[in-house]
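Residue-level listing of the chains:
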Amino acid sequence: MCGIFGYVNFLVDKSRGEIIDNLIEGLQRLEYRGYDSAGLAVDGKLIKDGDEEIMNNIIVKTPGKVKVLKQKVIDDKINRTDIFDNHAGIAHTRWATHGQPKEENCHPHRSDSTKGEFIVVHNGIITNFSALRKYLLSKGHIFESETDTECIAKLFKHFYDLNLKAGVSPDLNELTKQVLHELEGSYGLLVKSYHYPGEVCGTRKGSPLLVGVKTDKKLKVDFVDVEFENNAAQQQQQQANGHSSLLNNHSTSLDSGFIPVAPGEQNLRTSQSRAFLSEDDLPMPVEFFLSSDPASVIQHTKKVLFLEDDDIAHIYDGELHIHRASTKSAGESTVRPIQTLEMELNEIMKGPYKHFMQKEIFEQPDSTFNTMRGRIDFENSIVTLGGLKAFLPTIRRCRRIIMIACGTSYHSCLATRSIFEELTEIPVSVELASDFLDRRSPVFRDDTCVFVSQSGETADSILALQYCLERGALTVGIVNSVGSSMSRQTHCGVHINAGPEIGVASTKAYTSQYIALVMFALSLSNDSISKTKRHEEIIKGLQKIPEQIKKVLNLETKIKKLCNDDLNDQKSLLLLGRGYQFATALEGALKIKEISYMHSEGVLAGELKHGVLALVDDKLPIIAFATRDSLFPKTMSAIEQVTARDGRPIVICNEGDAIISNDKVHLTLEVPQTVDCLQGLLNVIPVQLISYWLAVNRGIDVDFPRNLAKSVTVE
Ligand code: UD1
Ligand code: M6R
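Residues numbered from 1 in each chain as written. Chains lettered and ligands numbered in written order. Predicted model: local features only at pLDDT ≥ 70, side-chain atom pairs only at ≥ 80, totals over all residues. Heavy atoms only, no water.

Trainee: An account of the layout of surface pockets is requested, with residue identities and associated values reported.
Mentor: Gaps left between atoms show up when a probe the size of a water molecule is rolled over them. Looking at the second largest pocket, its volume works out to about 930 Å³. As for the second largest pocket, its lining consists of 32 residues, and the residues nearest its centre are Thr97, His98, Arg375, Gly387 and His495. Among the elements of the structure, α3 (129–138), β22 (474–479) and β23 (492–495) are those that each provide at least two residues to the lining of the second largest pocket. Taken together, the residues of the lining of the second largest pocket break down into ten nonpolar, 18 polar and four charged. (1 Å grid on protein atoms, 1.4 Å probe; cavity = no way out; pocket = protein on both sides within 12 Å on 5 of 7 lines; lining within 4 Å. Points joined across faces, edges and corners; volume = space filled by probe spheres on them. Helix = DSSP H or I, 4+ residues; strand = E, 2+ residues; numbered from the N terminus. Nonpolar A, V, L, I, M, F, W, Y, C, P; charged D, E, K, R; others polar.)

What follows is the structure, given as structure tokens:
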């Protein structure tokens, strides 16, 4: 995901070269999170601007890896020798969400192309950016990128100019508050400006940001006071901006209705930031490292302060001040502790998890939420997929839908095919990309071909895409990586927004693809009155999924024990499912063989008696999916066929469901119940965890299983 890094030195001489090296090194520490472009901003030289002297900026940014950025800094022949005893530099790695990974979309973004008065790096998503952009365009701002972030930089300038017009020169912190008031969505962001040399403001809402502190001397206190505004000033500010935000006003009235930063408050710099003063209360040499991730700070300092949502960290004159962007609520903490990080770098990168795969499994409450964010209006049961809207009428008229993918992505197609057909009443076929190509399957102009891929770079799927494009079919991508080949080459599509997946085993991408496909089917049938009830039921179900996944993840201890005690020495494992759960069985089997190297097979429960039953005895471990849906009685009969042959299945069932007399079932793993077509989202989690713990027990390098690559770019 995107990463932020900032570096401020005060009374510590640093050359521009050293500052840039620091920023680049910080970004390198963020690389493991996944990204597609990188950039940085540092001070340039003093130049004449009318009567004034201003410090111009140097912004270097590029798609590609941090090493490409490093090379660009060399190619641009940036002077490395100028010395700064106080300087603020900011940098960013970007994982594209708004717009392709190309230079103009990389961060940092600036408020204007002439002087670059305000420069911003940002993580997260500004959900009201379209409206803000429209407003700012109407005010004459010229946009250089497709990003949501750029409107933040523009807002800084907009408010700065309005304050000046009103005769007030605002403090950077006060200006930040005015800007934040306009933003909806999530952010971690840093801003610098030549109007505030050597200063930076960092703030967050729903996206992490921390400040590392490095001093030679011991800090006086190990906390920073939170600076709340006095009530009068706060009220005035709220009246000014709180009750009349740009967009509520929706007009030019901002300029007339705007109340600047309270005059009494401007440049009022009370030194409450005691921690950063020396014994004689004078500022001391200090370096600050701002980052979205402790991994990039730990090599400089172990002293860090984690910002909370709505905190604004204002760094100037060697001090760190924490202000609040929201009003003080009762019981709110009035200090932020400066903590000592005891973790090792490796631990930080994976958080509390041992492997990326485990981290990604546990990220699913968030990743599934992010797939739906801004796309489902839960109150009115409406799904809007921006990337498909214009194409829906064409897709509704198509003769058939062909879903094409490989591996786990293929399973997400299988898992949703039935609800697709039910809601759209269009025949859907699901194809493995390689087999589809081998058969040179006929494709026509009135077909819609849906390509599902985490990486968007899988060779077989890309070749199949080209094949369909050549035959004039409409192509739709369901892709995680923005800017990937598939995302670019399809006519339209949906980014699943699951965030980067690093572990070779696909986990969170599966659940997000599944949801994206369900949302696709829902939007295709939005206007079908006969489907209204079913729609509402599914949308209600989707709303609960993130919380329900959290519940399923609580099974980890039980699963760990199961893998340790019962499955570890086994050579083979069967997974039984039917209907919606056949895909879950296939996906579980793939996960298990891919990560733990144990042979496993997903079997359609209805096929048991046609051959597979011969394998069943009291030794072969079997996992059966027996959650409640219309096929439940049939699944139960398959379980009975197994137990009648002394099999002792592990049954994944709904909470509180007495499946079968306990002595016949080895163990039950109970998951919450949801709508039939969504149940696979919950049922797959225990098998993801089983595959993970089997692999860990066997000492396998979970994130890099042998013979496999994350992105399969060869045929
Ligand atoms: C877009 C923004 C999103 C923002 C939202 C707000 C991007 C990448 N996404 O999301 O950050 O919150 O607007 O209005 O800018 N596409 C393909 N093939 C694919 C996937 C996508 O052609 O495989 C196309 C879509 O048709 C669309 C564009 O890429 O034109 C962006 O897709 P997506 O991110 O899903 O669109 P939104 O959800 O509208
Ligand atoms: O990037 P894609 O989704 O196109 O990748 C397809 C498969 O290679 C992938 O899902 C693979 O099966 C996973 N490693 C399974 O965990």
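Trainee: Residues and numbers for the site of ligand 2, please.
Mentor: In the region of ligand 2, 15 residues are neighbours, and Ser409, Ser453, Ser455, Thr458 and Glu594 sit closest. Interatomic distance of 2.6 Å between a side-chain N/O atom of Ser453 and an oxygen atom of ligand 2. Burial of ligand 2 by the protein amounts to 91% of the accessible area it has alone, namely 410 Å². Broken down by secondary-structure element, the contributors of at least two residues to the shell around ligand 2 are α13 (407–424) and α20 (580–596). Each residue belonging to the shell around ligand 2 can be placed in one class, and the counts come to five nonpolar, eight polar and two charged. (Near = heavy atom within 4 Å. Polar contact = N/O pair within 3.5 Å; in protein donor to acceptor, adjacent residues only side chain to side chain. Areas by Shrake-Rupley, 256 points an atom, 1.4 Å probe, with all protein chains shown as cover.)

Trainee: Requested: an account of the packing of α13 against helix α17 (residues 508–524), with residues and values cited.
Mentor: Viewed as axis vectors pointing N to C, α13 and α17 meet at an angle of 20 degrees, and their least axial separation amounts to 9 Å. By the angle class used here, α13 and α17 are roughly parallel. Considering how the two elements wind past one another, α13 and α17 form a crossing that is right-handed. Taken together, the residues of α17 that come into contact with α13 (itself represented by Thr408, Ser409, His411, Ser412, Cys413, Ala415, Thr416, Ile419, Phe420, Leu423 and Thr424) are Tyr510, Gln513, Tyr514, Leu517, Val518, Phe520, Ala521, Leu522 and Leu524. (Axes fitted to C-alpha atoms, helices over the stretch in contact; angles between N-to-C directions. Parallel < 35°, antiparallel > 145°, perpendicular 65-115°, else oblique. Left-handed = near helix turned anticlockwise from the far one by under 90°. Contact = heavy atoms within 4.5 Å.)

Trainee: Tell me about the sheet that holds strand β3 (residues 52–63), and name the residues and values.
Mentor: Read from one edge to the other, the open sheet built from eight strands follows the order β3-β2-β4-β1-β11-β9-β12-β16, with strand pairing classed as antiparallel. Every other strand in the sheet has two partners, leaving β3 and β16 (339–340) as the edge strands with one partner each. The pairing of strand β2 (residues 37–49) with β3 spans eleven bridges and is classified as antiparallel. Bridged to Val42 within β3 is Ile58. Taken strand by strand, helix α1 (residues 16–28) contacts β1 (3–15), β2, β3 and β4 (83–94), and its axis lies near 155 degrees from that of β1. Helix α2 (residues 66–75) contacts β2, β3 and β4 of the sheet and is inclined by roughly 135 degrees relative to β3. (Pairing = 2+ DSSP bridges.)

Trainee: I'd love a proper account of α2, names of residues and values included.
Mentor: Working note: α-helix, 3.6 residues per turn, so residues spaced by three or four point in the same direction. For α2, the set of buried residues is Val66, Leu69 and Val73. The arc that holds the buried residues of α2, viewed along the axis, is 50 degrees, so those residues lie on one side. Set apart from the buried face of α2 by more than 90 degrees, the exposed residues are Lys67 and Ile74. One or two positions beyond α2, positive phi appears at Lys77, with a value near 55 degrees. (Buried < 20%, exposed > 50% of the residue type's maximum accessible area, 1.4 Å probe, protein only. Arc of directions from axis to C-beta.)

Trainee: Explain the environment of Gly44 to me, and be specific about the residues and the numbers.
Mentor: Assignment of secondary structure puts Gly44 in strand β2. Taking the C-alpha atoms as reference points, Gly44 and Asn56, twelve residues apart in sequence, are found 5.0 Å from one another. Discounting residues that sit within four places of it in the chain, Gly44 has contacts with Arg16, Met55, Asn56, Asn57, Ile58 and Phe84.

Trainee: Which residues make up α13, and what values do they have?
Mentor: Between its first and last C-alpha, α13 extends 25 Å over 18 residues, near the 26 Å set by a 1.5 Å rise per residue. Remark: the principal bend of α13, roughly 45 degrees, maps to Thr416. Taken together, the buried positions of α13 are occupied by Thr408, Ser409, Tyr410, His411, Ser412, Cys413, Ala415, Thr416, Ile419, Phe420, Leu423 and Thr424. A positive backbone phi angle near 60 degrees is found at Glu425, which sits one or two residues after α13. (Expected span 1.5 Å × (residues − 1). Bend = angle between axes of the 7 residues up to and from the residue.)

Trainee: With reference to specific residues and values, describe the nonpolar core.
Mentor: Counting 89 residues, the largest nonpolar core has Ile401, Phe520, Ile538 and Ile690 as its most contacted members. Setting aside anything within four residues of it in sequence, one finds Ile401 in contact with Ile395, Phe420, Ile426, Pro427, Val428, Ser429, Thr448, Val450 and Leu524. (Core = buried A, V, L, I, M, F, W, Y, C linked by side-chain atoms within 4.5 Å.)

Trainee: Mind laying out empty space enclosed by the protein, listing which residues take part and the relevant values?
Mentor: Following the criterion strictly, the structure yields three cavities of 30 Å³ or more and no others. The computed volume of the largest cavity comes to approximately 70 Å³. For the largest cavity, the lining is made up of 13 residues, of which Cys2, Arg94, Thr97, His107 and Asp148 are closest to its centre. Across the lining of the largest cavity, the residue classes tally to three nonpolar, eight polar and two charged. Put simply, the second largest cavity is a space of about 50 Å³. Forming the walls of the second largest cavity are Asp43, Met55, Asn57, Ala88, Lys192, Ser193, Tyr194, Tyr196, Pro197, Gly198 and Glu199. Of the residues belonging to the lining of the second largest cavity, the class tally is five nonpolar, three polar and three charged.

Trainee: Outline the site of ligand 1, listing residues and values.
Mentor: By nearness alone, 17 residues border ligand 1, and Thr97, His98, Gly387, Thr490 and His495 come closest of all. Note that a nitrogen atom of ligand 1 is positioned 3.3 Å from one of the backbone N or O atoms of Cys492. Against a free-state accessible area of 730 Å², the protein chains account for coverage of 72% of ligand 1. Comparing atom positions with the cavity grids shows ligand 1 to sit within the second largest pocket. If you list the elements that add at least two residues to the shell around ligand 1, you get β22 and β23. For the shell around ligand 1, the element with the highest residue contribution is β23, accounting for four residues. (Sits in = over half its atoms within 2 Å of the grid points.)

Trainee: Requested: an account of the sheet that holds strand β6 (residues 118–123), with residues and values cited.
Mentor: Sheets are built from strands that pair by backbone hydrogen bonding, the pairs being arranged parallel or antiparallel. Read across the open sheet, the eight strands follow the order β5-β6-β7-β8-β13-β14-β10-β15; overall the sheet is mixed. Looking along the sheet, the strands with just one partner apiece sit at the ends: β5 (109–110) and β15 (335–337). In the sheet, strand β10 (residues 223–227) pairs with strand β14 (residues 319–324) via two bridges, with the strands oriented parallel. For Glu227, the partnering residue across the bridge sits in β14 and is His323. Relative to the sheet, helix α4 (residues 150–165) contacts β5, β6 and β7 (187–193), its axis offset from that of β6 by approximately 140 degrees.

Trainee: I'd love a proper account of the pattern of salt bridges, names of residues and values included.
Mentor: Close approach of charged atoms lets side chains of opposite charge pair. If you walk through the whole model with that rule in mind, you get 37 salt bridges. Of the charged contacts in the structure, one is a salt bridge between Glu363 and Lys359, with a shortest N-O distance of 3.1 Å. Here the residues in one salt-bridge network are Glu308, Asp311, Arg324, Glu332 and Arg336, joined through shared partners. (Salt bridge = Lys/Arg side-chain N within 4 Å of Asp/Glu carboxyl O.)

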